[in-house]
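Chain by chain, the residues run as shown.
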Amino acid sequence: MSHLNWSSTTPDDVDDLVRLGQACLDRDGGLPDVADPEHLQKVFVTNTAICGRDELGEIVAAAAVGRNGAGERIAAALVDPAVMGRGIGEELAAWVDEHSGGPVSLVMDSMSPEAERLFSRLGLRRVLAETVMCHPMRAIPNVRLPENILTIPFTDDTSEAFQHAYTASFCDQPGYDASSAQAWGRWLREQRGFQPEDSRVALDRDGHVAGFVTISKNWIEEVGVVPAWRGRGLGAHLIARSLTAISKRGASLTWLAVGCDNPARTLYQRLGFRDCGTRALYERG
């Protein structure tokens, strides 16, 4: 067993959690939120959260159980790569099972090979895997807007067009859920740092939706192109335009996450994005 000193997390632990998250990012990559103080406090400083300290008093592991915006039980965990292989992951998994109060999804924003093997042994099933990608912004590609297309920003008046573009872009994709799509617009407005003026919906000359892109801070959140406009450079233009907009606000990196099996990864790599780890979602199989 790990022989760590376990205790509930408190606001005073945030700096140690940042160090723990950064250690995970340095070794395995993942979402930059893993080392963001605001995110870590929201996730790991709750009524149902625990941290483990080594003999020097440093936090080397943490876990928490809560609920997402839809009210579903979720859990998160971090283990310092320097102490992997000591049974800490098993202890955290047992703690999550004990404190979740029912079926729970495990969110791993920084995924390691050791965690993947552990979850397989524990009978957990991976239901989502995304490659986290970042663009260094040193050379932003110039991609022309296709002819007969215009783009307009997100406003109260154009929000319905964004909703139509989302549905038309993804309704033919595996796993599309119409009920989730209906809630997408509300989620978008609530997204931290949402940039409505830089988010764009593309319309053809007849006013039909052709695609869209949404941006939050230095994140490209969603990109979609309706089937009739795929392969004509619209998606590449929306990405390049977003990079330019984010750069003008002073960001040095732009981030996005794409399904590991999504062929769009190739487009993003061609536009200058590089792989920066994996985030995944697991459920009890």
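Residues numbered from 1 in each chain as written. Predicted model: local features only at pLDDT ≥ 70, side-chain atom pairs only at ≥ 80, totals over all residues. Heavy atoms only, no water.

Caption draft 1: Layout of the side chain of Ser112. Mapped onto the fold, Ser112 is located in the loop between strand S5 (105–108) and helix H4 (113–121). Every residue in contact with Ser112, bar those within four places of it in the chain, is listed here: Arg27, Asp28 and Met84. (Helix = DSSP H or I, 4+ residues; strand = E, 2+ residues; numbered from the N terminus. Contact = heavy atoms within 4.5 Å.)

Caption draft 2: Main features of the pattern of salt bridges. Inspection of every chain in the model, using the stated rule, returns 17 salt bridges. A salt bridge links Arg279 to Glu130; the shortest N-O distance between them is 2.9 Å. Of this pair, Arg279 sits in strand S12 (residues 274–284) while Glu130 is found in strand S6 (residues 124–135), placing the two residues 149 residues apart along the sequence. Each of Asp33, Asp36, Glu38 and Arg192 takes part in salt bridges that share partners, so that together they form one network. (Salt bridge = Lys/Arg side-chain N within 4 Å of Asp/Glu carboxyl O.)

Caption draft 3: Layout of the packing of helix H1 (residues 14–28) against helix H2 (residues 37–44). Relative to each other, H1 and H2 sit at 105 degrees, their axes nearing to 9 Å. Comparing the axis directions of H1 and H2 gives the class roughly perpendicular. On H2, the residues touching Val14, Leu17 and Val18 of H1 are Pro37, Leu40, Gln41 and Phe44. Considering only residue class, the contact of H1 with H2 consists of 6 nonpolar, 1 polar and no charged. (Axes fitted to C-alpha atoms, helices over the stretch in contact; angles between N-to-C directions. Parallel < 35°, antiparallel > 145°, perpendicular 65-115°, else oblique. Nonpolar A, V, L, I, M, F, W, Y, C, P; charged D, E, K, R; others polar.)

Caption draft 4: Just the pairing of S12, in detail. Note that S5 and S12 share 3 bridges and pair antiparallel. Residue Met108 lies in a different strand from S12, and its bridge partner there is Ala280. Bridging between S6 and S12 involves 9 bridges; their strand directions are antiparallel. Bridge pairing in S12 places Ala129 opposite Ala280. (Pairing = 2+ DSSP bridges.)

Caption draft 5: Inspection of the packing of aromatic side chains at higher detail. Here the structure, examined in full by the defined rule, presents 8 aromatic pairs. Here the aromatic rings of Phe154 and Phe194 are separated by 5.3 Å at their centres, their planes lie at 85 degrees, and the arrangement is edge-to-face. Placement of the pair is Phe154 in the loop between strand S7 (149–153) and helix H5 (159–170) and Phe194 in the loop between helix H6 (178–190) and strand S8 (200–204), with a sequence separation of 40 residues. Accessibility classification places Phe154 together with Phe194 in one group, the buried group. With 6.1 Å between their ring centres and 55 degrees between their planes, Tyr166 and Phe212 make a pair best called tilted. (Phe/Tyr/Trp six-rings, centres within 6.5 Å; stacked < 30°, edge-to-face > 60°. Buried < 20%, exposed > 50% of the residue type's maximum accessible area, 1.4 Å probe, protein only.)

Caption draft 6: Molecular detail of the environment of Arg265. By secondary structure assignment, the location of Arg265 is in helix H8 (residues 264–270). Filtering out sequence-adjacent residues up to four positions away, Arg265 remains in contact with Thr131, Met133, Val258, Gly259, Cys260 and Asp275. Within the structure, Arg265 has its side chain in polar contact with the side chain of Asp275 (distance 2.6 Å). (Polar contact = N/O pair within 3.5 Å; in protein donor to acceptor, adjacent residues only side chain to side chain.)

Caption draft 7: View of the packing of H5 against H6. The geometry of H5 relative to H6 is characterised by a closest axis approach of 10 Å and an angle of 130 degrees between their N-to-C directions. Judged by the angle between their axes, H5 and H6 are oblique. Between H5 and H6 lies a crossing whose hand is right-handed. On H6, the residues that touch Ser159, Phe162, Gln163, Tyr166 and Thr167 of H5 are Ala181, Gln182, Trp184, Gly185 and Arg189. Here the contact of H5 with H6 is built from residues that sort into 4 nonpolar, 5 polar and 1 charged. (Left-handed = near helix turned anticlockwise from the far one by under 90°.)

Caption draft 8: Examining H2 more closely. Residues His39, Leu40 and Phe44 constitute the buried set of H2. When H2 is viewed along its axis, its buried side chains cluster within an angular range of 95 degrees and face the same direction. Of the residues in H2, the exposed ones pointing more than 90 degrees away from the buried face are Glu38 and Lys42. Each element contacted by the buried residues of H2 is listed here: H1, strand S2 (49–53), strand S3 (59–67) and strand S4 (73–79). (Arc of directions from axis to C-beta.)

Caption draft 9: Summary view of unusual backbone geometry. One non-glycine residue, Met137, adopts positive backbone phi at about 70 degrees. As for its position among the elements, Met137 is in the loop between S6 and S7. Judged by its relative accessible area of 11%, Met137 is buried. The backbone of Asn148 sits at a positive phi, close to 65 degrees, despite the residue not being glycine.

Caption draft 10: Representation of the environment of Cys51 within the structure. For Cys51, the location among the structural elements is in strand S2. The exposure class assigned to Cys51 is buried, which follows from its relative accessible area of 0%. Measuring from C-alpha to C-alpha, the distance between Cys51 and Ala64 comes to 8.8 Å, with 13 residues separating the pair along the chain. Cys51 has contacts with Asn5, Trp6, Ser7, Ser8, Thr9, Asp13, Ile59, Ala61 and Ala62, leaving out every residue within four places of it along the chain.

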